[in-house]
Amino acid sequence: MSGAPAPAVLAVVGAGPRATGLLERIAANAPELWDGARPLHIHLIDPHPPGPGRIWRHEQSGLLRMNSMAEDVTMFTDESSTVEGPARPGPSLAEWAAQFSGRGPRHAPYAEPADPEVLAELRALDPADFPTRGAQSAYLDWVFRRVLTELPASVTVEWHRTTATAVTGPPDGPQQVRLADRATALTADLVVLAQGHIGAEPAAEHRVFADFARRHGRFHLPPVFSADADLSGLRPGEHVLLRGFGLAFVDLTALLTEGRGGRFRTRPDGTLRYVPSGSEPVLHVGSRRGVPYHSKTRYRLQGPRPALPRHFGPAAVDALLAEGRPLDLRRDVWPLMAKEIGYGHYHELFHAHPARTTLPWEDFTAAYD
Ligand SMILES: Cc1cc2nc3c(=O)[nH]c(=O)nc-3n(C[C@H](O)[C@H](O)[C@H](O)COP(=O)(O)OP(=O)(O)OC[C@H]3O[C@@H](n4cnc5c(N)ncnc54)[C@H](O)[C@@H]3O)c2cc1C
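Reading the values: the criteria
- Residues numbered from 1 in each chain as written.
- Predicted model: local features only at pLDDT ≥ 70, side-chain atom pairs only at ≥ 80, totals over all residues.
- Heavy atoms only, no water.
- Core = buried A, V, L, I, M, F, W, Y, C linked by side-chain atoms within 4.5 Å.
- Buried < 20%, exposed > 50% of the residue type's maximum accessible area, 1.4 Å probe, protein only.
- Near = heavy atom within 4 Å.
- Polar contact = N/O pair within 3.5 Å; in protein donor to acceptor, adjacent residues only side chain to side chain.
- Areas by Shrake-Rupley, 256 points an atom, 1.4 Å probe, with all protein chains shown as cover.
- Nonpolar A, V, L, I, M, F, W, Y, C, P; charged D, E, K, R; others polar.
- Helix = DSSP H or I, 4+ residues; strand = E, 2+ residues; numbered from the N terminus.
- Domains from an automatic or database assignment.
- Expected span 1.5 Å × (residues − 1).
- Contact = heavy atoms within 4.5 Å.
- Pairing = 2+ DSSP bridges.

Undergrad: Would you take a moment to explain the nonpolar core for this structure?
TA: Across soluble globular proteins, you tend to see nonpolar side chains buried next to one another. Of all hydrophobic cores here, the largest spans 37 residues; its most connected members are Ile 42, Trp 96, Leu 122 and Tyr 139. In terms of nonpolar packing, the next biggest core, distinct from the first, is built from 11 residues, Leu 231, Leu 242, Leu 252 and Leu 255 among them.

As structure tokens, this is what we get:
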């Protein structure tokens, strides 16, 4: 019996940014690579909404922010991209946000985010701002919906709001993808695992700490994604050790201070004063280095862009590889990285702030090289 050919089936485990990028690439490449005679059905499997996924889901505190600037975040390709296949430009998060204040063109499919706080943030967003994760969630949700409109009619996408628990099958045959919420597995010709950072069994050290805390009726939080952490066990005024000074520290401190009703007031001199609510625990913070990371700079290049790479480009890497020995990051690669970054620093210093330098740039470069 002849009829429509059975669809090819792709299962994608995880529907966060990477899966969204994969769909975008399928849409971009389909005209060349998929004649449409055979349908392609894509199963997206994720308990969290496709596009934002778990990390960028809307349902998380508005106090949690990105550590990237809005102008640096994009899901699209342009002529600078090194992907195979066509570049399909689209707006960065900053460019996309500009449409809501009328500062930039509209991007289809146009829809204002439903959350009024997110919309207010997007309207006021400066390209150099560090947006909330909620703002990024709205952007990723839009990218996902836009990509769906770009897929040819022969390509269909179905979201399964559940967790994949196993993938079985022969190395070169159809795969069975088991789902947590049903007995029947999905059958797929190909499976893509786009799961991001997955949870891990707690390290032995954390099991020891957790046991100790349990025995003594105290609170212990193992390393977790901060948006998933239940901090309700931390009582007001309780002394808490925070181990580590990175992004999770920033997240947890925001959740345990402003998240507990504390407020920042601006002093007459423009500096901020924290006004506690009284519901905060007392935080004692430390790390192996003992100092916090530098906050990210909002400094913009004022001089011309340096021609890079200079010290850590393909030629330098080829020279290293030509030595034909195993490379050591610290010994072989790091010095070149440091020299490259240093070159960028001095280029800016000499061009944008010449009053702080004492010799001509050419002399400096010759010596630095
Ligand atoms: C707290 C935090 C902050 C970050 N901030 C930034 C930032 O500011 N800027 C930046 O560029 N990057 C940031 N990142 C990096 C972040 O990993 C990437 O931005 C991006 O989310 C990676 O996309 P991904 O799709 O590979 O993985 P994820 O975003 O992790 O998506 C993977 C998806 O797979 C799903 N999944 C996993 N296992 C299964 C399963 N068995 N079944 C079904 N679904 C499953 C998850 O639910 C999730 O939705 C941050 C990461 C974290 C954890």
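Let us keep going from here.
Undergrad: Sorry, what's going on with the site of the ligand here?
TA: In the region of the ligand, 25 residues are neighbours, and Arg 18, Asp 46, Arg 54, Asn 67 and Ser 68 sit closest. Ile 45 places a polar main-chain atom, nitrogen or oxygen, 3.4 Å from a nitrogen atom of the ligand. Separating a nitrogen atom of the ligand from a side-chain N or O atom of Gln 195 is a distance of 3.3 Å. Taking 980 Å² as the accessible area of the ligand by itself, protein coverage stands at 78%. Looking at the shell around the ligand residue by residue, the class counts come to 11 nonpolar, 10 polar and 4 charged.

Undergrad: For this particular structure, what's the right way to read the environment of Leu 33?
TA: You can see Leu 33 is positioned in helix H1 (residues 17-33). Take Leu 33: its relative accessible area is 59%, and that puts it in the exposed class. As a C-alpha pair, Leu 33 and Gly 85 span 52 residues in sequence and 9.7 Å in three-dimensional space.

Undergrad: How should the domain arrangement of the protein chain be read in this particular structure?
TA: When cut into domains, the protein chain gives domain 1 (8-193), domain 2 (204-286) and domain 3 (314-368). The straight-line distance from the C-alpha centre of domain 1 to that of domain 3 is 37 Å.

Undergrad: I'm lost on helix H5 (residues 204-215) in this one. Help?
TA: Each turn of an α-helix holds 3.6 residues, which means side chains three or four residues apart point in the same direction. Between its first and last C-alpha, H5 extends 17 Å over 12 residues, near the 16 Å set by a 1.5 Å rise per residue. With its phi angle positive at about 65°, Gly 217 sits one or two positions after the end of H5.

Undergrad: Honestly, the side chain of His 43 in this entry has me stumped. Any pointers?
TA: One can find His 43 in strand S2 (residues 40-45). Residue His 43 is classed as buried on the basis of its relative accessible area of 8%. Not counting chain neighbours up to four residues away, the residues in contact with His 43 comprise Val 9, Leu 10, Ala 11, Val 12, Glu 158, His 160 and Leu 186.

Undergrad: Explanation requested: the pairing of strand S5 (residues 175-179) in the structure shown.
TA: Here S5 shows a clear split, with Gln 175, Val 177 and Leu 179 buried on one side and none of Gln 176 and Arg 178 buried on the other. For strand S4 (residues 164-168) and S5, the ladder comprises 4 bridges, and the chain directions are antiparallel. The partner of Ala 164 across the bridge, within S5, is Leu 179. Examined bridge by bridge, S5 and strand S6 (residues 186-188) share 3 bridges and lie antiparallel to one another. Looking at S6, one finds that Gln 175 is bridged to Ala 188. Joining the antiparallel neighbours S5 and S6 is a turn of 6 residues.

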